[in-house]
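Architecture at a glance
Listed below are the residues making up each chain.
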Amino acid sequence: MPSQTKKTQIGMMVNGAQVDGLVEPRLLLVHFIRENLQLTGTHIGCETTHCGACTVDCDGMSVKSCTIFAIQADGCEITTIEGMANPDGTLSALQEGFRMMHGLQCGFCTPGMIMRAHRLLKENPNPDDAEIRHGISGNLCRCTGYQNIVKAIRYAAAKINGTEFQEAAE
Amino acid sequence: MIPAAFTYHRPASVAEAVRLLAELGDDARPLAGGHSLVPMMKLRLASPEHLVDLHGIGTLKGASREADRIVIGAMTTQHELLHSDLALTAVPILRETIMQVADPQVRYRGTVGGNVANGDPGNDLPALMMTLGADYRLEGPAGARTVAARDFYQGAYATVLAPGEILTAVSIPVPPPGHGYAYEKLKRKVGDYATAAAAVILTMRGGTVATCSIGLTNLADTPLLADKAASLVVGTTLDDATLRSAGAAAAAIMAPAADGRGPSDYRKHVGGIMVMRALKRAAEQAR
């Protein structure tokens, strides 16, 4: 029966690279990502499981990394915002969409928004506005810039699907 | 927002989990999706010395059909259930209810078992399971037993779960073909607990209601079954006067707290409206 009181060795794939760490069981995944791995693109907003700024992709799920323990992600495959650009360093469709459609104002919610939208488009490659809004309902934008966030996600969907997108940002 | 230190256990079987929980007693808590417990731990409102993580127990996952029932393993996530054609075809109200539980990220982690076992009166699935006439399978040091959802809840966060016992499965009798259903939830924003919510399952015969059950979420310390309101509509065509009297009969058993969601009277008022809307929509849909 595996049980751990003190620091425990864990390992996971983060943005395609194997990482390891010695962690206390109480260490939250978001702290492991930001402090142990120094990947500070994943933000801590509310710390109460509401705002979604800490959203990362974990084994094909969008999760709020402030609400699972790093030890629970042992052996998992994680993608953070740092893993979202194309391999050649150019912006991925979602990143380009947020830029072109002005899908960010202060930018604090953006990493979480993009990580959530990434999984949303994997599961539903051509969502309508209602599906996008429902899909990002676990991510709060305190600038309330939702109109352009929805457009940014539609821009990305169109780009990925190879269809036309001609709307302007608002 | 850093939880107190604890010892982490990851048993691989129900028997091992039960043994650990029985041994460790009040110092231990089972950990399912963790989206109620972990926020409480971060606020230090809960500081268990031991967490028994149930994620390593493969047998607690998935939905299956057993004769005229759908059996859902306790660690099946809400997201997984939303993608179970087997469960959603047989019990379609699951879809519209789960779509109103919290938000997508929470549903990827949040489990069916955790939602019903935690005893939080704000959770949506307990009243739904009572309305559906579901049973819970509980396994503990003294063996396994089955408890009806309607007999499970004793108060806010208080259930019949004995020390060392965990809820391992939810078993739902498949409602008859052509039944009508609705879950009406008033909430301040997506992801919020209900200000008031009502679940309805009914069948119609020749234009009148043949059978009906009504459940209420977050309108008392426990989920409620509005039995009197349900019996009032049986045999009627659900005309406006009947709807109003059913709403009033349901409101009469509500005892919601006054909180950020509104004063108690307001929540009872909108609770009655949720009942009327759910009855109406369920009846329109029944064949």
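Conventions used here
- Residues numbered from 1 in each chain as written.
- Chains lettered and ligands numbered in written order.
- Predicted model: local features only at pLDDT ≥ 70, side-chain atom pairs only at ≥ 80, totals over all residues.
- Pairing = 2+ DSSP bridges.
- Helix = DSSP H or I, 4+ residues; strand = E, 2+ residues; numbered from the N terminus.
- Contact = placed C-beta atoms within 7 Å.
- Axes fitted to C-alpha atoms, helices over the stretch in contact; angles between N-to-C directions.
- Buried ≥ 20, exposed ≤ 12 C-beta atoms within 10 Å, placed from the backbone.
- Domains from an automatic or database assignment.
- Nonpolar A, V, L, I, M, F, W, Y, C, P; charged D, E, K, R; others polar.
- Right-handed = clockwise from strand over helix to strand, strands pointing away.

Quick look at the sheet that holds strand β14 (residues 224–225) of chain B
Residues and elements named next belong to chain B. Taken in spatial order, the 4 strands of this open sheet run β11-β12-β13-β14, and their pairing is antiparallel. Of all the strands in the sheet, the pair left with one neighbour each is β11 (180–186) and β14. Relative to β14, strand β13 (residues 208–217) is paired through 2 bridges, and the arrangement is antiparallel. Bridge pairing in β14 links G215 to L225. Helix-sheet contacts for helix α8 (residues 125–132) involve β11, β12 (196–205), β13 and β14, and the interaxial angle to β13 is about 155°.

Focus: the environment of B:D103
Note that B:D103 resides in the loop between α5 (93–98) and α6 (104–109). Classification of B:D103 as buried rests on a count of 25 C-beta atoms within 10 Å. In this structure, the C-alpha to C-alpha distance between B:D103 and B:G191, residues 88 residues apart in sequence, is 5.1 Å. Excluding its chain neighbours within four sequence positions, the residues that come into contact with B:D103 are A:S137, A:G138, B:V190 and B:G191.

Notes on the domain arrangement of chain B
Segmenting chain B into domains produces domain 1 (7–56), domain 2 (58–173) and domain 3 (180–285). One C-alpha centre belongs to domain 1 of chain B, the other to domain 3 of chain B, and the line joining them spans 35 Å.

Regarding the interface of chain A and chain B
Taken residue by residue, the interface counts 24 residues in chain A and 26 residues in chain B. Put simply, the parts of the chain that give the side of chain A that touches chain B at least two residues each are β1 (3–4) and β5 (61–64) of chain A. It is β5(A) that provides the largest number of residues to the side of chain A that touches chain B, a total of 4 residues. In terms of residue class, the side of chain A that touches chain B is made up of 7 nonpolar, 13 polar and 4 charged.

Quick look at the pairing of strand β2 (residues 28–31) of chain B
Each regular strand shows side chains that alternate between the opposite faces of the sheet. Residues and elements named next belong to chain B. Where β2 and strand β3 (residues 50–53) come together, 4 bridges link them in parallel fashion. Bridge pairing in β3 links L31 to D53. Following the chain from β2 across helix α2 (residues 37–42) to the adjacent parallel β3, one finds a crossover that is right-handed.

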